[in-house]
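Overview (structure and organization)
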2 protein chains.
Amino acid sequence: MTSIPRSLRLAVIAGALVGAAAAIAQQAPKPENLIKWRQSAFQVVAWNSGRIKSSLDSGYNKEQVLKAATAIAAIANSGLGSLFPAGTETGKGWHDTTAKAELFANSAKFAELGGDFGKESGELVRVVSSGADAAAVKDQFGKLQKTCKSCHDEFRNAN
Amino acid sequence: MTSIPRSLRLAVIAGALVGAAAAIAQQAPKPENLIKWRQSAFQVVAWNSGRIKSSLDSGYNKEQVLKAATAIAAIANSGLGSLFPAGTETGKGWHDTTAKAELFANSAKFAELGGDFGKESGELVRVVSSGADAAAVKDQFGKLQKTCKSCHDEFRNAN
């Protein structure tokens, strides 16, 4: 060690610290971004749920419903829970968060309800892909919507 | 017809018109919702692109990248073009639209670039699923990012 000038050693340590800080910054997005992303994710779910409802109400179109169901299932199974870390109980993304304090206090229940959402949306993709008729698709879509409502009732404040 | 009272016939016609109006309203979401949904969709893509970049920069995690890539591909192939109909050239969703007028004037080019986005994101899912190494995933992620940039350069105003 004595052959390395002290100034160089300090520069190396400083560089490592900058690197570590950058890594931490990268791993921890800002709360306002996390809230914006989760609000965006649920808007995309709302868009696609509306498309499915509209298709079921006005002559079922398998191709359209499959695209919409696939988008919902991919989002539902993407790891949405990571968008609700401690530190985001309050705050503003596109708008003030509507997540209830209970969500952060009961992460096991939130994970369970999120799991139901992932499972029923994945099942909707399977039912639509199988070529089932509109009645069967509507039935499974109803099951999916119940998982939305369960979680909203428990963990979302009214807008 | 003469056996049916005129008032009843008028009521039936009025009812049919209300039903038709409701159907049209259902089929045509408001411009502000379309703009909000497209802004949300691209935010979800940004979230998941950031996760992929972060994973590639800090020790590749296949499971995380697969979830993120699947979400991007599902959105890219969901029919995003339908969120850019005539009548949404200007307006506000979460914020004023950043779509350029050129996008609406050149829908064939927009569809082509959107098709590239769908194709390269689908290919990323395939590469990740295949168990390819981080270098191959990074290469395909680079191809995907180029499709984002191509479309932004052509059709998106800077924020």
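Let us look at the structure shown here. (Residues numbered from 1 in each chain as written. Chains lettered and ligands numbered in written order. Predicted model: local features only at pLDDT ≥ 70, side-chain atom pairs only at ≥ 80, totals over all residues. Heavy atoms only, no water.)

Concerning the packing of helix 2 (residues 31-57) of chain A against helix 3 (residues 62-76) of chain A
Two packed helices can be described by the angle between their axes and the distance between those axes. Residues and elements named next belong to chain A. Running from N to C, helix 2 and helix 3 cross one another at 155 degrees; their axes reach a closest spacing of 9 Å. By the angle class used here, helix 2 and helix 3 are roughly antiparallel. Between helix 2 and helix 3 lies a crossing whose hand is left-handed. Residues Ala41, Val44, Val45, Asn48, Ser49, Arg51, Ile52 and Ser55 of helix 2 form the contact with helix 3, whose participating residues are Gln64, Val65, Ala68, Ala69, Ala71, Ile72 and Ile75. Considered class by class, the residues forming the contact of helix 2 with helix 3 number 10 nonpolar, 4 polar and 1 charged. (Axes fitted to C-alpha atoms, helices over the stretch in contact; angles between N-to-C directions. Helix = DSSP H or I, 4+ residues; strand = E, 2+ residues; numbered from the N terminus. Parallel < 35°, antiparallel > 145°, perpendicular 65-115°, else oblique. Left-handed = near helix turned anticlockwise from the far one by under 90°. Contact = heavy atoms within 4.5 Å. Nonpolar A, V, L, I, M, F, W, Y, C, P; charged D, E, K, R; others polar.)

A look at the pattern of salt bridges
Residues and elements named next belong to chain A. Inspection of every chain in the model, using the stated rule, returns 14 salt bridges over all chains. Between Lys53 and Asp57 there is a salt bridge, with the nearest N and O atoms lying 2.8 Å from each other. Taken together, the residues Lys53 and Asp57, both in helix 2 and 4 residues apart, mark about one turn of the helix. When its relative accessible area of 40% is taken as the criterion, Asp57 is described as partly exposed. (Salt bridge = Lys/Arg side-chain N within 4 Å of Asp/Glu carboxyl O. Buried < 20%, exposed > 50% of the residue type's maximum accessible area, 1.4 Å probe, protein only.)

Regarding the interface of chain A and chain B
At the interface, 27 residues of chain A touch 27 residues of chain B. Both sides of the chain A and chain B interface together cover about 2300 Å² of buried area, and 65% of this is carbon and sulfur. Remark: the boundary between chain A and chain B carries 0 salt bridges. Counting residues per element, the ones that place at least two in the side of chain A that touches chain B are helix 1 (6-27), helix 2 and helix 3 of chain A. Take the side of chain A that touches chain B: its biggest share by element is 11 residues, from helix 2 of chain A. Looking at the side of chain A that touches chain B residue by residue, the class counts come to 10 nonpolar, 12 polar and 5 charged. (Buried area = accessible area lost by both parts, 1.4 Å probe.)

Notes on the environment of B:Phe110
Along the chain, B:Phe110 turns up in helix 5 (residues 107-129). In sequence terms B:Phe110 and B:Cys151 are 41 residues apart; their C-alpha atoms lie 7.5 Å from each other.

Structural notes on the relation of the copies chain A and chain B
It takes a turn of 180 degrees to lay chain A on chain B, together with a shift of 0.0 Å along the axis; the resulting RMSD is 0.1 Å. Here the symmetry operator amounts to a two-fold rotation axis. Looking at the rotation axis and the C-alpha trace of chain A, the residue lying nearest is A:Ser40, at 2.2 Å. Of the residues that chain A buries at the interface, 100% are likewise interface residues in chain B, meaning the two copies contact each other through the same surface. (Least-squares fit on C-alpha atoms with pLDDT ≥ 70 in both.)

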